[in-house]
Amino acid sequence: MNDGQRGRRVIEVKGRVIGPRPPRTKTVRPRSLSDYGHVSPAYRDVAQRLASPLRMGPPICDELMDFVQHVFTEEEASLARHLGLKGRRAAELARAEHRAVEPIEPILRRLSEEKRVIAAGGPSEDRRYWLLPIVPGMFEMALIGCTPETLTPWHRRFIELFEGLFDTGYSLDYNGRSRPLVRYLPVGRSIDAHPMALPSDKLEIVLDQYKKFGVGQCQCRLTMQALGQGCGKPLGNCTVMGDWADRGIEEGWLREVSKQEALEIKREAESHGLVNWMMNVASPRGQCSCSCCGCCCHALRSVNEFNAPGLVAPPHFLPRRDVDKCTACGRCAKRCPMGAIAVDMERKTFRHLEERCIGCGHCALACEGQRALTMEASPDYRLPYRSWFSLLMRAAPGMLLTSWKVWRERRS
């Protein structure tokens, strides 16, 4: 068990051998909408939308149906079922439901501002609404403004049902084609003097682009703490920057901080063994960053529990081992948040599991005394995308192909 991890284990120690735990298998049991004749049509319609492979959704299953029936009241579901990838106005939803606009608008505000399970955008006179995917989307937005003390019974049940859905391993359906939406930054001290380090690798330079910063709670560690499986590491370090922070600060689910405070929060997170990620786009308008642990973070757990790479871009730096200096002490394997290093301390063997590695550099810091591990630049590294449009153009073919394959498999 990694230092401080009292909940889920990333690694296991067998005698003198330290390495990753065996991968979990998928347990989800797909069903048909016709199996839920006892469930209202509104709930079935929302479940069908959330199950779409274009949203990286799970198949129709008991866990999904339970989740939907908790997240929405039946009245809310009757509106949410009309929301999709194209934003719709309140008046359009009213016509679809054959209702007046006036009673619908407070429901939409509750869903977008209180529960935060749908998205809203645009000026008040032309506001449009979208149905968020479950993850990334509903999960993050519903919990980022909560603390352990402010979790309501609705949030606690939301957490239980989301975790039950995640634990089915449905994310394996999307394994095999990476959608590099996020990238992990190497810990500053691991590359401070490295000649190949780029401005985009350095947290303080990335933060220099923005003037406004908001901090919220880590939804993943909050979830595991609520379930009694927390790792005890800091919660208040999810950071939103630039224009993206405006709404969260205004509505109170982000706490406004200075750039220096944001940097100190991120450096404090690194000191606890957490790893900082950024969206894989050099966006001048906005950016967001979580500080993750391998035992709680659902993105990292998709890799280290299910061997599903998901949304993570290949790292810029990878550890390089000096055989003459390495004593196979195992400190690097114990420190790795991904279980990406396997060490047999008896036989003095070392394996680096590159497919699990996010290039954070914690292994190199664990080896500062011996200096048997150093971080070296990968020759295949790709810079962050210059815009959301370029990311979409690069990722869209693989995303569409994967979505089509999942859709076809679920229909067979």
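See the structure shown above.
The model shown is predicted, which means the values in this text are computed figures rather than measured ones.

**Some words on the environment of Gly236**
Secondary-structure assignment places Gly236 in the loop between α10 (219-226) and β8 (238-242). We classify Gly236 as partly exposed; its relative accessible area is 31%. On a C-alpha basis, the gap between Gly236 and Val303 in space is 24 Å, while along the polypeptide they are 67 residues apart. Other than its neighbours up to four places away in sequence, Gly236 contacts Val215, Gly216, Gln217 and Ile265.

**Considering the sheet that holds strand β1 (residues 11-14)**
The strand order across the open sheet built from 4 strands is β1-β2-β14-β15, with neighbouring strands paired in antiparallel fashion. Since the sheet does not close on itself, it has two edges, and those belong to β1 and β15 (349-352), each with one partner. Going from strand to strand, the sheet's axes swing by 15° on average, the running direction of each strand aside. By the bridge criterion, 2 bridges tie strand β2 (residues 17-20) to strand β14 (residues 341-344) in an arrangement that is antiparallel.

**Focus on the pattern of salt bridges**
Across all of its chains, the model carries 27 salt bridges by this definition. In this structure, Arg16 engages Glu346 in a salt bridge whose closest nitrogen and oxygen atoms are separated by 3.8 Å. Taken together, the positions of Arg16 in the loop between β1 and β2 and Glu346 in the loop between β14 and β15 put the pair 330 residues apart, joining distant regions of the chain. Relative accessible area serves as the criterion here: at 43%, Arg16 is assigned to the partly exposed category. Where Asp62 meets Arg31, a salt bridge forms, and the shortest distance between an N and an O atom there is 2.7 Å. Placement of the pair is Asp62 in helix α2 (residues 62-71) and Arg31 in the loop between β2 and α1 (41-50), with a sequence separation of 31 residues. On the accessibility criterion, Asp62 (34% relative accessible area) is partly exposed. Overall, the relative accessible area of 37% leaves Arg31 in the partly exposed class.

How each quantity is defined
- Residues numbered from 1 in each chain as written.
- Predicted model: local features only at pLDDT ≥ 70, side-chain atom pairs only at ≥ 80, totals over all residues.
- Heavy atoms only, no water.
- Helix = DSSP H or I, 4+ residues; strand = E, 2+ residues; numbered from the N terminus.
- Buried < 20%, exposed > 50% of the residue type's maximum accessible area, 1.4 Å probe, protein only.
- Contact = heavy atoms within 4.5 Å.
- Pairing = 2+ DSSP bridges.
- Axes fitted to C-alpha atoms, helices over the stretch in contact; angles between N-to-C directions.
- Salt bridge = Lys/Arg side-chain N within 4 Å of Asp/Glu carboxyl O.

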